[in-house]
Amino acid sequence: MFPAGNGGTIELVYTQMFAPTTLAPARDFWTLRYTTTLENGSLVVCERSLSGSGAGPSADAAAQFVRAEVLPSGYLIRPCEGGGSIIHIVDHLNLEAWSVPEVLRPLYESSKVIAQKMTIAALRFIRQIAQETSGEVVYGLGRQPAVLRTFSQRLSRGFNDSINGFNDDGWSIMNCDGSEDVIIAINSSKSLSSSSNPANGLSFLGGVLCAKASMLLQNVPPAVLVRFLREHRSEWADFNVDAYSAASLKAGTYSYPGMRSTRFTGSQIIMPLGHTIEHEELLEVVRLEGHSLAQEDAFLSRDIHLLQICSGIDENAVGACSELVFAPIDEMFPDDALLLPSGFRVIPLDSKPSDLQDSLTTNRTLDLTSSLEVGPATNHASGDALSCQNARSVLTIAFQFPFDSNLQENVATMARQYVRSVISSVQRVAMAISPSGLSPAVGSKLSPGSPEALTLAHWICQSYSYHLGAELLRSESLGGDSVLKNLWQHPDAILCCSLKSLPVFIFANQAGLDMLETTLVALQDITLDKIFDESGRKALCSDFAKLMQEGFAYLPAGICMSTMGRHVSYEQAVAWKVLAADESTVHCLAFSFVNWSFV
C-alpha cells in the first residue's frame, strides 16, 4: 500500500476467483486499486488490471489459473441526509471466455451472469450486514448473526475449495489420466483442527479426499432439482456414508464404512437457523434419524446432524445458481465446529437457438411429470413448462471424506463409487422433473406398459362414474385435455396403485403428493401398506373383497401417514377399480381421500 494525493492510497492487489465447476480453471487478477475520500464525504474505490500475465506474488501459484482482466471498475459510496448511504457498484471484467469449453462460455461472457454472481451478491451482503447491525434480523438457537454468517461463509468457501483443489492449498489429483468421469483429489495437509481448540483436531487422519464431477443437464429447472435434493435426501444419499463422515470427524470414533451398519429410519427433520433478507439463502440443521443394526447397540440412537445452506430454490428469484451444501456437525453445534462441506451446484446456461426446433421434431417417451406442474410437495406454483424448454444447466457435485493414511485407497474406491451412485440418482430425478414443453395431450408414460397421462386421467374419471354412479369431476371439466389438468388440481387427494402382491403407487394428483409429502419421482417407491396405520390396514383388508367384487368401497374416517412421518386425518376414503378402455381389464386401483388434513 502506497500513499497518494488527497489522502488516498494505492494498492497492488492479487485476487483469486474460484471456478464454479470442475470443467474450467479458476481465474486470477493482478490489479491496481486507488481509494480516496471526496470533499462531500463520498468514498471512492477504483480498480483495474495491470499488464503482464505472469505478474503476481507467486508465479508458481498463478500457473494453475487463467489470468483475467479487470477493466475500470469500482465503488462509489455517497452519504445520505439523515443517515445511511447510497452505494454504486461497477463490475467490468474480461474472464477470457476463449479458454473454457464452448458450452460454458455463457458463464464467462454474459454481463447478466456477472451481475448476479458479483454485483447483486455484493449489494445483498451489504444490506444483510446493515439489517443485522440494526437488530432487524433475529436468528434461531440464540446465535449471533455474525456467528451464523460465518458458518455460511465457511460452508461456501469449503465447497468451492473442494471443487477447485488449488495446489498451493495442498490439493493434488490422485491417479487421474483424464478419462475418469469422477475426479479424486487428496489433501494430506488440510487442517482439521478447530480454530479455538487445536486439541480437538484429528491428528491421526491422513487428510481429506474429494470426489467431484460435473455434467450437463438438459431442460431441468435448477431450482426444482435442488429443492428436490434438499427435501428428499433418501432418494440419493446413503445413510451409512453420512454416518461414516460424521463419525470420522469425532476423535476416537473413526471407522470404515461397513464396519458398523446403521439403518436409516426414513425421518429427515430440517430445523431452520436463519436466512438472508430476501430468503435467497437458507441456513439450517438437518437431523437424520438412524439406529444401529448391531444387537448390542440396538437401543442407541445413531442420529446424524448436518449443517446445511440452500440457495436458489425460488424459480422466480434472481440468482446465479442453485446450491445445496452440507457438512456433518456435532449435535452440540459448537461455534468452532469442524466443517467438511459437500454438495451440489446447478448453474443455468443460455439456451441453444436450435434446441426448440429439435425438441419439436424428436420423438421422445417422457415421464408423467413432464405433463404436469411438478415440484416438491410444498410447491404449488411451478413455472410455465415452456420457460424451461431447451434450457441447459451444468451440475457440479463434490463430496469430501476424511481418511486415515492406511485406508486411503479404500476410501478413494468408496468415494468414487458413491459419487457415481449419486450421479445416477440425480440423473433419474432430473429426467423425471424435466418439463416437456409439450401439451399433455401428446402423452407421456408412467412406465413401459402404462397408459399415457391423459388416457389414465380419463380412465380414472370414467371408472369412478361407472362404479359409483357419480362424477368425480364437474361435467364441464370432462372435455378434451382439461381432464388431466382438473384431476391434477382436484382438492381431494387422489392416488393410484398397482395391482401387485405388494401394491405400489403409480400416480397422485397435487393434493395426493401434498398429503404424502412426496413427489411423483419418489411416489413409485411407496407401497400402499406404508401409508395406513394398523386400523386403516384392517379396514382396507376387510373391504378389499367388496372392492374387487363390486368395483368400489367406502372406507371410514381414519389416519394415514406421510413419508415424513406426519399423521394425516381424512373424513372418508373411496376406493375403486380403474378399468382400461375395454371396461373389462383392471389397470389399477384408485383412492380418493376426502377432506384430509395434517393432525
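Residues numbered from 1 in each chain as written. Predicted model: local features only at pLDDT ≥ 70, side-chain atom pairs only at ≥ 80, totals over all residues. Heavy atoms only, no water.

1. A closer look at helix H4 (residues 145-164)
Our working definition: Elements are defined by DSSP. Helices are runs of H or I of four residues or more, strands are runs of E of two residues or more, and each kind is numbered from the N terminus. Any helix carries an expected span of 1.5 Å times its number of residues minus one. Per-residue accessibility, obtained with a 1.4 Å probe over protein chains only, is compared with the maximum for each type, and a residue is labelled buried under 20%, exposed over 50%, and partly exposed between these values.
End to end, H4 covers 28 Å across 20 residues, agreeing with the expected 28 Å (1.5 Å per residue, within 8%). Buried within H4 we find Pro145, Leu148, Phe151, Ser152, Leu155, Gly158, Phe159, Asn160, Asp161, Ser162, Ile163 and Asn164. Of the residues trailing H4, glycine 165 is marked for its positive phi of about 55°.

2. Remarks on the pairing of strand E19 (residues 493-497)
Spelled out, the test is: Pairs of strands are assigned from DSSP output, requiring at least two bridges between the strands.
Counting buried positions over the five residues of E19 gives five, a clear majority of the element. Sheet topology note: the E19/strand E25 (residues 586-594) ladder contains five bridges and is antiparallel. Paired with leucine 495 across the two strands is phenylalanine 591, which belongs to E25. Bridging between E19 and strand E20 (residues 505-508) involves three bridges; their strand directions are antiparallel. The residue of E20 that forms the bridge with cysteine 496 is phenylalanine 507.

3. Focus on the sheet that holds strand E21 (residues 552-555)
Selection rule: Fitting a line to C-alpha atoms yields each axis, with helices limited to the stretch in contact; the angle taken between N-to-C directions then spans 0 to 180 degrees. Any two residues whose heavy atoms approach within 4.5 Å at even a single point are treated as in contact.
What the five strands build is an open sheet, ordered E20-E19-E25-E24-E21; its pairing is antiparallel. Of all strands in the sheet, those bounded by a partner on one side alone are E20 and E21. Strand after strand, the sheet turns through a mean of 20° between neighbouring axes, direction not considered. Where E21 meets strand E24 (residues 572-579), four bridges bridge the pair, whose relative direction is antiparallel. The partner of alanine 553 across the bridge, within E24, is alanine 575. The strands that helix H10 (residues 453-468) touches are E19, E20, E21, E24 and E25; relative to E24, the one it contacts most, it runs at about 110°. Here helix H14 (residues 534-550) sits on the sheet in contact with E21, E24 and E25, set at roughly 155° to E21.

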